[in-house]
There are 4 protein chains.
Amino acid sequence: MSTTFAVQEKLMPSTHSTTMRAAVFHGVDDIRVEDVPRPHAGPGEAVIRVTMTTICGTDVHIMRGEYPVKPGLVIGHEPVGVIDQLGLGVTGYNIGDRVLVGAITPCGQCNACLSGKLSQCGHGSGYEAIGGWRFGNTINGAQAEYLLVPNAQANLAKIPDSVRDEEVVLLADIASTGIGGAESGGVKIGDTVAVFAQGPIGLCASLGAKLMGASMVIGVDGDDDRIVMARRMGVDVVLDYRVVDVVEEIKRLTGGTGVDVAIEALGTQQTFETALRALRPGGTLSSLGVYSGKLQVPYDAFAAGLGDHRIVTTLCPGGKERMRRLIEMVRRGKLDLRPLLTHRFKLAEINDAYKLFAERRDGVMKVVITP
Amino acid sequence: MSTTFAVQEKLMPSTHSTTMRAAVFHGVDDIRVEDVPRPHAGPGEAVIRVTMTTICGTDVHIMRGEYPVKPGLVIGHEPVGVIDQLGLGVTGYNIGDRVLVGAITPCGQCNACLSGKLSQCGHGSGYEAIGGWRFGNTINGAQAEYLLVPNAQANLAKIPDSVRDEEVVLLADIASTGIGGAESGGVKIGDTVAVFAQGPIGLCASLGAKLMGASMVIGVDGDDDRIVMARRMGVDVVLDYRVVDVVEEIKRLTGGTGVDVAIEALGTQQTFETALRALRPGGTLSSLGVYSGKLQVPYDAFAAGLGDHRIVTTLCPGGKERMRRLIEMVRRGKLDLRPLLTHRFKLAEINDAYKLFAERRDGVMKVVITP
Amino acid sequence: MSTTFAVQEKLMPSTHSTTMRAAVFHGVDDIRVEDVPRPHAGPGEAVIRVTMTTICGTDVHIMRGEYPVKPGLVIGHEPVGVIDQLGLGVTGYNIGDRVLVGAITPCGQCNACLSGKLSQCGHGSGYEAIGGWRFGNTINGAQAEYLLVPNAQANLAKIPDSVRDEEVVLLADIASTGIGGAESGGVKIGDTVAVFAQGPIGLCASLGAKLMGASMVIGVDGDDDRIVMARRMGVDVVLDYRVVDVVEEIKRLTGGTGVDVAIEALGTQQTFETALRALRPGGTLSSLGVYSGKLQVPYDAFAAGLGDHRIVTTLCPGGKERMRRLIEMVRRGKLDLRPLLTHRFKLAEINDAYKLFAERRDGVMKVVITP
Amino acid sequence: MSTTFAVQEKLMPSTHSTTMRAAVFHGVDDIRVEDVPRPHAGPGEAVIRVTMTTICGTDVHIMRGEYPVKPGLVIGHEPVGVIDQLGLGVTGYNIGDRVLVGAITPCGQCNACLSGKLSQCGHGSGYEAIGGWRFGNTINGAQAEYLLVPNAQANLAKIPDSVRDEEVVLLADIASTGIGGAESGGVKIGDTVAVFAQGPIGLCASLGAKLMGASMVIGVDGDDDRIVMARRMGVDVVLDYRVVDVVEEIKRLTGGTGVDVAIEALGTQQTFETALRALRPGGTLSSLGVYSGKLQVPYDAFAAGLGDHRIVTTLCPGGKERMRRLIEMVRRGKLDLRPLLTHRFKLAEINDAYKLFAERRDGVMKVVITP
C-alpha cells in the first residue's frame, strides 16, 4: 500500500494544467466545448486521459432534452484512455496503462453488485435503478480530455498492446449492450434469432447472436445504409421492412414456427409488437430499446398466462471483467466493429459530430471522437 | 383409428354401457349434463373413469363465451381417476390403477416437447401455441364419467395408495400453474416475493414461493375470504389493497427496495402495473393472469432498455413427471391444498357448482366434482 | 390416422426381399457382414434404408470385447437414411423422406425424457442409466442396409434437400456429443477453453466452444495428423503435448489464470488430471471420455470442498429436435465436418474400415460406410 | 497501510487499550489465548468488536497441523460483532452497528468477484484459488476480541434488532456452505435429496434442500447424537449406516431410481463413493467435504462419458448480500439453527472448547465462543 507522499505525487503531476476541454450540456440543443476544471482522483478513484470516445443515441436524447441531466454536466459514457492518476487504494495498475472503462461503473460492493446485478448498482449498499450508469448522467462523462473514474478498482480494463483504441471504443456500451441482449435472450446453438433494427446496438445484438451459435440471424431494418452494413457484417438474412411483410417472411424462413429469440433494438411500439409476433410459441423477446410513454402489449401476441413467452430487458452490462472478455474477443479476432466507425471528429468539432449522428446523414453508424 | 382384436378386448369390457354422463358446453351460459358416447382408447391412448375433478376459472370463461370452444364439447381439464382402458402401446400400467392426469397432455415427441416446452406441444412435430392444452379445449374434457387421455404414456401419473383423490385433484392445473409461476420467477433462498391476487392460483404461487425458500411471501388481495385463507395457508404477510397502498407497503417491508420477484395471478391492467412497480431494480415479474384486450406496460415502471426487469409468463406445466413430483410433495406432507376445497357437488349438480364458483359466493375457493 | 389396410401396405412393400446385409458382432474381433432378417416397423416404429453411416470409437470397444454386447447383434449407431416403412401412429412423415436419426433414441414419454434427461431414457417410465443408447447396444444398429427405429415419432429428423448425407452423418453422435460437451461446460462469450484430445469428438467439442463464443479455444493432442486437422478446422491454438508442458503453456496463454472450461475427450487418467490442473479457480471440467477402471481425482487439483470446480459429464444428446438444430447449423453454413470424413468404404468392406480406424492408420479421422 | 489524521480519529477512540485477547496458533495442538495488538482500520477496512464466534472443523484441521497456517496467526472465521472502527471510504454504516461478516471476505472488484465467483476472489484483480477465505487463514481471524475486516464495504451485513447473535453466528460459514451445497446441487421442487453425514454442515445442507422444496431429504450418519439432532431438525428420513445398507435403502425409498441430488458433507472416499452410487442416472453430486490425498472415482458409479452425472463443489459463499439473505431467513422464522449450539465457552476457555469439539464429546454440534 502506497504512502501518502507517493499518492500525492501520483495525484498531481506538476506538468498538468488545472483545466481541460470538455463537451458540456447547457440546455436543449446547447452543448459547448469549453474549459472545465480537471478532475483529481480521490481514494478508490482514477483519472484517465481520454484518447478516444464516441457519441451514443442516449447522448442525442440528452441533447434534445428527452433524457434530463443537469446543465453543466460533461456528457458521454464510452471512454478509452490512458491512466493519468490513481487514487489511494487502487492497486494493480500503473500510470500510463491503456484502459477501457465500461459505460456503467459498478462498485462491486453493494447488494445489487454482489447479486450480479451490476447495472442496478447501489453505490455501496442496496439497489438503485440504473444506478450503474453514472458517466454523463449523474457525474461528468467521457467527451472530455480527462475523466474521473469512480470505483476504479472494479472498472479499469487493460488494453493489450496489440489492440488499438478504435478496436475497443465500441465495447464500452454498444457492443456490451447489444451482445448482452443476445446473452439475456439465452441464444443457444441452432436457434433462429431476429433482430429488429440494425443500428449500432441492433447490429451488435446480431453479432452477439452469431457468436452464441445461432443457426440463422435475421436482421430487420428499413434504412439502405444499415441494410448494406448488416450484410457486410455477416448478418445471415437482412429483411427490408419497406418491401416485405416481416412477420410473414420470418415465419416462412423458420418453417412456419417463428424465431426462438427476437431482439428489439429500437424502442418503438411497432418494433416491440412485431418482435412479439415473430416469436415461436414459448420464445424469448429480449428488449434493448428505450420506449417513450406507454408501451402496449398486444394480448393476441403476448398471450400472458396462456403462453410462456419471456420478455427480458438489458441495461448495458459493465465492470472490468465484462470489458476484459470483450477485449479478448477483439484481440483473438472474433469481433471487429471497426466498420461501424464511419466518421471521425476532434473533440472541438463535436457539435458537427452530434449533428451528423443525430440526423443520420452520410450513412453514419458511429463517430469517433478524439480529444 | 385401427384396432386389432386383442385391443378390442381391452377396450370394451362387456359390463360397460356405451354412454356416459358429461357436462357439455352448448353455448353461452348453457352447460348441460347429458348422455354422450363413452370414449374408447385407440393406440397410445387410455380411458380413465373420472373419480374427482373440479372447475377452473378458465371453464367460467368458456361458459361465458369469453374463451371460445365448439358447442358439443365436454369441458373440464383437471382429472383424477382410475384407468379403465389402455390402448395399444401404452406400457407400465394396469387397468384399475389410480392416476392423476395434468391439465395439459404433451406428446413428449414433438420439437416443442423435446425442447422442454411441453405446454407448446406440437402433437408430433413442431410447436403449437398452447398446444399442450387439449382437455375441454380441443378435445372432450374431464367433467364427465370417463375421459379419453391422448399420449397416455406421457401423461398418466400413478397415485400412491396413501394419497387420496382430494389431496391431488388441485395438482392437475392450479398447483402446477401457481407453483410453476414461482419456478419461472426463479425464486431463490432469501428472496422476497409478492403475489398479486390470492385466489386458488395466486395462493398456490404463494405456496410455491415458500417451498422455494423465499424469506417473505407477501400476498395481496381485497377479498375477506381470500385474505383469511391466505393467512391460514401460511402466507407470511397478507395485504388488503382496500386499506393499504400496496406498492408503498411492499417498499416498506423490503427496506425500500421492492421485491425480488412479483407474481401476477389475476390478469388485469391494475395488478400487472402494481406488480411491476413493486419490483426491485432488475427484478422478475412472473405473469400468470390471462389479460383481455391490450395490456399497457407503463414505461416508468418497466424501464425497458434502461432497466433489466424480466417478465416471464407460464402456461400450466404438465406431463406425468411433473404430476409425479407434485404428488410426491403431497405424499411427503410438504403440500396440502385440501383447505381450498370449500364445496362439493355431484356431476349432476355441476350447474350449481358453476354458479357458486363464478359468483364467488360463500367463500368458495375451489369446488370438488364427483361423477 | 391411416387404416389397417394402408398400414399393411406401408409395412411390407412386395418388392422387398426379406433379408438384408449387416455387420454382425459374433465375438471379439469377429464382425461379419452377413444376411440377417430385414426389420419391420411395428406400432410407433419406422424402418429406414440406411444410405450412410460411420464407425465410432465405441464400436471399436465393442469389437475388442471391451464393451460387452450380445453376439448376433448388428452394430453401429450413426444412421442417415430414407424412410422405408412407417409403423402405426407415426405421423408427419412420408415413405421416402430423407432422415437423420440420433445415436440415442429417447422415447420422450418416460420420467427421464420428460425431465429433459433424454440420454437416461427409461423407455416409457422411470430412468435407465444410458437407456437412451440402444442402436448397436441393446437392439440392432446402423451398419446395415435397413434399420428399425424405435420411438420413431421422437427420432426422425428430416434432411433438407440442399443438405447431403455426408454433411450430416457425423451429427448423429460425435458432433452431438462433442458440441454437447461444450454446452454442458457452459461456455460463455469471452471464455477460454482447452480441449484435451483432438480426435473426432474432441475436435467437435473445440468447434462447439467456438460456436458458443469462446475467445480462444486451445486444442491439445500429440498426433501429427490430428494437430494438422485441428488447425485446419480453425482451432485457435493447438498444443502438441509431446513438445510443450501443456498446463504451463495454458497458464501462460491465459495470463496465469487457467481456462474457464476444460473439456476432456479421451478418457485417460492423464488427460483428466491435466484438464483439472489447466482450469482456473472455480472453472468447469466437461468430461466426455470413457474411463476404464478407477479414475483418480488428484486432491490438489480438484480441491473438492475447498474449491468450487464443477465436473460435468455428457452422454450423446439425441432426439429429433437436437438433430434438427444441428442440421440447421450445417444447412446455414455454420458447421462443416466433411473434412473429418477421410476414408470411404462399402458395407461389404467394413472390416477393412474397422481395421484402419482402430489402428488410426493413414491419418484417418472418420470413415464413411455406404451400404 | 497509510492513514491520515482524519482516519486516525475514527480509528482509535481514546478509551481503548492497544492490545486484545485472541486465540493464536503457535503450532500443532498449541493454541494460546494471549495478548496481541489490537487492529486498526485502514482505508476500506473496518474493525469489529467480536461478540460471538464459534469453532469450525477447519479450525480443528489447523490445530492438528493438517491445514497449514503461519504460527502467530489468530484463527477463526465466523464473526458476529459490533462495528468499532470504520476506515476511510466505508459508507452506510455507523460505529456501534451490529454486523455479521461471512467466513470469506470477497473484494467485489476483481475479475473473479465480478464474475460471481466470490470464493475465488483475486483481491483486486484476477482469480485466486480459495482467495476469498482470509480470516484465520492468511490474515488474523475471529477468535479474538477485535477483528479487522478487509473490503468492509462488501462484507458487513447489518443484524436487525429483533435478531440475536446466537441466531446468526452459524450463518457466517456452516449455514452458508451447507445451504450453498443444496443450491449448487440445483435442488428443485419435488426432488429427492440424500445428504451424507449430518454434522453441522451436512445438517445445514439438509435444511437447505428442504428450503428449496425437496419432497424428501434423507440424512445419513452413524452417530447417535447426530441422528437424533437430524430428526429433531426435521430431516425427513434419517438413515443409520451402521444398521442399513444405505444405497439399497435409498434406492428403495426412491422407487428404485436413486436420488436426484446427493450431497457429500464429510470428505471421505467412502461417503463420496456411496453418494455417487445413490444417485439416479443423470443426477448431481454436490460435494462439500474436504478430501485428503487422492480421491478415487469408481468408474461403475461415475460413468464419465457414458453418463451425465454432474459433480459440483462449493466453497463457502460470502459477501454481505449473501449474509443479508440468510439473516432474513432467520428473521422471518424460516431458519433456526440455535439447537446446534450445544455448548458455550468464554474465549479464555477456548482450548476446552477445541478439545470438546475435536473429540465430539457430549453430543457437541457447535460451540459458542464469547470474547
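Up top is the structure.
These lines cover the structure that appears in this document, whether it is placed above or below. Note that the coordinates shown come from a computational prediction; the quantities given were computed from them, not determined experimentally.

1. Looking at the interface of chain B and chain A
The interface is formed by 40 residues belonging to chain B together with 40 residues belonging to chain A. For the pair chain B and chain A, the summed buried surface comes to about 3,600 Å²; carbon and sulfur atoms form 58% of the total. Between chain B and chain A we count zero salt bridges in total. At the boundary of chain B with chain A, the tally comes to nine residue pairs in polar contact (both at pLDDT 80 or more).

2. Details of the side chain of A:Gln85
Residue and element names in this part refer to chain A. Residue placement: Gln 85 occurs in strand β5 (residues 80-86). Gln 85 gets classed as buried once you look at its relative accessible area, which sits at 0%. A polar contact of 2.8 Å, which involves the side chain of Gln 85, links it to the backbone nitrogen of Ala 41.

3. Focus on the interface of chain D and chain C
Contacts between chain D and chain C engage 40 residues on the former and 39 residues on the latter. Summed over both partners, the interface of chain D with chain C buries about 3,600 Å², with 58% contributed by carbon and sulfur atoms. Where chain D meets chain C, there are zero salt bridges. Taken together, the links from chain D to chain C amount to nine residue pairs in polar contact (both at pLDDT 80 or more). Mapped by element, the contributors of at least two residues to the side of chain D that touches chain C are β13 (279-287), β14 (295-297) and β15 (310-313) of chain D. The residue inventory of the side of chain D that touches chain C, partitioned by class, reads 18 nonpolar, 14 polar and eight charged. Sheet topology note: the strand β15 (residues 310-313) of chain C/β15(D) ladder contains three bridges and is antiparallel. The partner of C:Val312 across the bridge, within β15(D), is D:Arg310.

4. What about the sheet that holds strand β4 (residues 73-74) of chain D?
Residue and element names in this part refer to chain D. Taking strand neighbours across the sheet as the criterion, the three strands line up as β2-β1-β4 in an open arrangement whose pairing is antiparallel. The sheet is open, and its two borders are formed by β2 (30-37) and β4, each paired with just one other strand. The pairing of strand β1 (residues 19-27) with β2 spans eight bridges and is classified as antiparallel. Bridged to Gly 27 within β2 is Asp 30.

5. Here we look at the packing of helix α5 (residues 174-184) of chain D against helix α6 (residues 200-211) of chain D
Residue and element names in this part refer to chain D. The N-to-C vectors of α5 and α6 enclose an angle of 50°; their axes lie 7 Å apart at closest approach. Put simply, α5 runs oblique to α6. For α5 against α6, the interelement crossing comes out right-handed. Mapping the contact onto sequence places Ile 174, Ala 175, Thr 177, Gly 178, Ile 179 and Ala 182 in α5 and Pro 200, Ile 201, Cys 204, Ala 205, Gly 208, Ala 209 and Leu 211 in α6. Its residues assigned to classes, the contact of α5 with α6 shows ten nonpolar, three polar and no charged.

Each value, and the rule that gives it
Throughout this description, residue numbers start from 1 for each chain and increase along the sequence as written. For naming, the first written chain is A and the first written ligand is 1, with later ones following in the order written. Only residues with pLDDT of at least 70 are given local features in this predicted model, and only at 80 or more are side-chain atom pairs given and counted; all residues enter the totals for whole chains, interfaces and linings. Remark: hydrogens and water are excluded; side-chain values derive from all non-hydrogen atoms of the structure. Contact definition: two residues touch when any of their heavy atoms are within 4.5 Å. A simple way to read buried area is as the amount of 1.4 Å-probe accessible surface that goes missing from two parts once joined, with both sides added. Whenever Lys or Arg places a side-chain nitrogen within 4 Å of a carboxyl oxygen from Asp or Glu, that contact is recorded as a salt bridge. Think of a polar contact as two N or O atoms within 3.5 Å of one another; within protein, one of them needs to be a possible hydrogen donor and the other a possible acceptor, and neighboring residues in sequence only count if both atoms come from side chains. The way it works is that DSSP assigns letters per residue, a run of H or I at least four long becomes a helix, a run of E at least two long becomes a strand, and they are numbered from the N terminus. The cut-offs for exposure are 20% and 50% of the maximum accessible area for each residue type, with area from a 1.4 Å probe on protein chains only; residues under the lower value are buried, those over the upper are exposed, and the others partly exposed. Put simply, Ala, Val, Leu, Ile, Met, Phe, Trp, Tyr, Cys and Pro go in the nonpolar bin, Asp, Glu, Lys and Arg in the charged bin, and everything else, Gly too, in the polar bin. Each pair of strands is called paired provided DSSP finds at least two bridges between the two strands. Angles here are taken between N-to-C directions and fall from 0 to 180 degrees, while the axes themselves are lines fitted to C-alpha atoms, restricted in helices to the stretch in contact. For classification purposes, an angle smaller than 35 degrees is called roughly parallel, one larger than 145 roughly antiparallel, one from 65 to 115 roughly perpendicular, and anything else oblique. The crossing is said to be left-handed when, going from far helix to near helix, the turn is anticlockwise and less than a right angle, and right-handed when the turn is clockwise.

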